[in-house]
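# Fold and geometry: a report
Letter by letter, the chains look like this.
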Amino acid sequence: QVQLVESGGGLVQPGGSLRLSCAASGSIFSISTIGWYRQAPGKQRELVAGITSGGRINYADFVKGRFTISRDNAKNTVSLQMNSLKPEDTAVYYCNVRNMGWDYWGQGTQVTVSS
């Protein structure tokens, strides 16, 4: 069983930055693919960024050059540095751990980009 707790969301002005963190319990973190997803009101959940156990990273086109995902296997944490935030980045952001076909989700953290 994996439990995930996100933190770092909040209200920020357009052009600002936030850093999201996700702390995971359990022993499978280091061998899992970790992802950040987001869901805006009335929209489907979408992948923002992912990082494999081997360190391969992929980003959604809409965040390339602005967001950076990183993981610390020693601390069982994954972070998402978000820069140059736009109003359209407003959403609930979720941490995901994927391992052997199983998906684990955090409770989400709200990010609001508004002036």
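Here goes a summary of the coordinates provided. The structure presented is a predicted model; accordingly, all values stated were derived computationally and were not measured. (Residues numbered from 1 in each chain as written. Predicted model: local features only at pLDDT ≥ 70, side-chain atom pairs only at ≥ 80, totals over all residues. Heavy atoms only, no water.)

### Regarding the pairing of strand S11 (residues 109-113)
What counts here: With a 1.4 Å probe rolled over the protein chains alone, any residue whose accessible area is under 20% of its type maximum counts as buried; one over 50% counts as exposed, and the rest are partly exposed. A run of H or I in DSSP becomes a helix once it reaches four residues, and a run of E becomes a strand once it reaches two; helices and strands are each numbered from the N terminus. Pairing between strands requires that DSSP locate at least two bridges from one strand to the other.
Burial along S11 is one-sided: the face carrying Thr 109, Val 111 and Val 113 is buried and the face carrying Gln 110 and Thr 112 is not. Bridge count for strand S2 (residues 10-12) against S11 is three bridges, and the pairing is parallel. Bridging across to S11, Leu 11 finds its partner in Thr 112. Alignment of strand S9 (residues 91-99) against S11, held across three bridges, turns out to be antiparallel. Each residue of the ladder has a partner; that of Tyr 93, found in S11, is Thr 109.

### Here we look at the sheet that holds strand S8 (residues 77-82)
How we decide: Fitted lines through C-alpha atoms give the axes, limited to the stretch in contact for helices. The angle between two N-to-C directions lies from 0 to 180 degrees.
Taken together, the four strands give an open sheet; going across it, the order is S1-S3-S8-S7, and neighbouring strands pair in antiparallel fashion. Either end of the sheet is taken by a strand with one partner, and the two such strands are strand S1 (4-7) and strand S7 (67-72). The sheet shows a mean angle of 15° between the axes of neighbouring strands, direction not considered.

Keep in mind these values describe shape, not function.
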